[in-house]
Amino acid sequence: GSGTADVFESPGGTSLTELVASRGRIDWPMAQRLLVALIDEMKASGANPSGWAVEQIWVDRNWDLRLLDEPVGHGPFARRSEPELIADVARLLFLGKQDQNLVMPPDLPFHAEETVSRLIGKTAQFRGLDEVRAALSRLESGPVQIQRRTRSAQMALNVVLPAASTAFVAIL
């Protein structure tokens, strides 16, 4: 024969959608790592005029992310722009679903709340991959886990104080 052959890698693992369907939301350190890897993969792949589908994202046995050439699973597949895909993936990772109930994950470190809020679409989204990558890189030096006591204090400040001030205004 001609001596040429097509070789395809079989990395093991699962699609991101299947991973989240079976495990639920992903904790902060791993979600941050996967988002950085997704951005790096998208940048390495170059522009994709037809858009990206969440079903193109594969997580192998070592938790390394790969961006496949084509979606995996049963279609139809929603093709997204880069910012839309990042928002969809962030909602999957941090919330475990893609609905519009945008409640911050309880294990999220305080220093990451502003960035995650923008990632999931709760506040103004990032304009591009470089901006998202820079924001995530700035967070790498912070703590990856939050102590229960610290998170309880944060929740008290974010819930109890506004409720108490509303009650105080209502009494007046």
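Note that the coordinates shown come from a computational prediction; the quantities given were computed from them, not determined experimentally.

**Examining the overall build of the chain**
Then step 1. From N to C terminus, the chain includes six helices and three strands.
Then step 2. What you see in the chain, going N to C, is helices and strands ordered as β-α-α-β-β-α-α-α-α.
Then step 3. When the 172 residues of the chain are sorted by exposure, 35% land in the buried category.
Then step 4. Restricting to contacts in the chain with at least 6 residues of sequence separation, those with at least 24 account for 68%.
Then step 5. Entry remark: accessible area of the chain is about 10300 Å², with carbon and sulfur atoms responsible for 54%.

**With respect to the sheet that holds strand β2 (residues 57–59)**
Then step 1. Read from one edge of the open sheet, three strands run β1-β2-β3, paired in antiparallel fashion. Strand pairing shows two members of the sheet lacking a second neighbour, β1 (14–15) and β3 (65–67), which therefore form its edges.
Then step 2. Contacts between helix α2 (residues 28–45) and the sheet are confined to β2 and β3, with β3 contributing the most and set at about 30° to the helix.

**Looking at unusual backbone geometry**
Then step 1. Residue P76 is bonded to the preceding G75 through a cis peptide linkage, with omega at 5°.
Then step 2. We note that W63 has phi near 65°; this positive angle belongs to a residue other than glycine.
Then step 3. If you trace the backbone, W63 turns up in the loop between β2 and β3.
Then step 4. Using a relative accessible area of 21% as the deciding quantity, one classes W63 as partly exposed.

**Brief notes about α2**
Then step 1. Here α2 contains 18 residues, and its C-alpha end-to-end distance of 26 Å stays within 8% of the 26 Å for a straight helix at 1.5 Å per residue.
Then step 2. For α2, the set of buried residues is W28, M30, A31, Q32, L34, L35, V36, L38, I39 and M42.
Then step 3. In this structure, the buried residues of α2 make contact with β2, β3, α3 (82–95), α4 (113–119) and α5 (129–139).

**Digging into the packing of aromatic side chains**
Then step 1. For the coordinates displayed, the defined rule picks out one aromatic pair.
Then step 2. Between the aromatic rings of W28 and F94, the centroid separation amounts to 5.9 Å while the plane-to-plane angle is 25°, which identifies the pairing as stacked. Within this pair, whereas W28 is found in helix α2, its partner F94 is found in helix α3, the two being separated by 66 residues in sequence. The residues W28 and F94 share a single accessibility class, namely buried.

**A closer look at the pattern of salt bridges**
Then step 1. Evaluated as defined, the whole model comprises ten salt bridges.
Then step 2. A salt bridge links D107 to R25, with the nearest nitrogen and oxygen atoms 3.1 Å apart. Taken together, the residues span a long stretch of sequence, with D107 in the loop between α3 and α4 and R25 in the loop between α1 (16–23) and α2 at a distance of 82 residues.
Then step 3. What makes D107 partly exposed here is its relative accessible area of 23%.

**Focus: the nonpolar core**
Then step 1. Counting 40 residues, the largest nonpolar core has L16, L38, F94 and L119 as the members making the most contacts within it.
Then step 2. Other than its neighbours up to four places away in sequence, L119 contacts L35, I86, A87, A90, F94, F126, V132 and L136.

**Topic: α1**
Then step 1. The complete set of buried residues in α1 reads L16, L19 and V20. Considered in projection along α1, the buried side chains sweep an arc of 90° and stay on one side of the axis. Residues of α1 that are exposed and point over 90 degrees away from its buried face: A21 and S22.
Then step 2. On its buried face, α1 is in contact with β1, β2 and α3.
Then step 3. Phi turns positive one or two residues past the end of α1, at G24, with a value near 85°.

Basis of the calculations
- Residues numbered from 1 in each chain as written.
- Predicted model: local features only at pLDDT ≥ 70, side-chain atom pairs only at ≥ 80, totals over all residues.
- Heavy atoms only, no water.
- Helix = DSSP H or I, 4+ residues; strand = E, 2+ residues; numbered from the N terminus.
- Buried < 20%, exposed > 50% of the residue type's maximum accessible area, 1.4 Å probe, protein only.
- Contact = heavy atoms within 4.5 Å.
- Areas by Shrake-Rupley, 256 points an atom, 1.4 Å probe, with all protein chains shown as cover.
- Pairing = 2+ DSSP bridges.
- Axes fitted to C-alpha atoms, helices over the stretch in contact; angles between N-to-C directions.
- Expected span 1.5 Å × (residues − 1).
- Phe/Tyr/Trp six-rings, centres within 6.5 Å; stacked < 30°, edge-to-face > 60°.
- Salt bridge = Lys/Arg side-chain N within 4 Å of Asp/Glu carboxyl O.
- Core = buried A, V, L, I, M, F, W, Y, C linked by side-chain atoms within 4.5 Å.
- Arc of directions from axis to C-beta.

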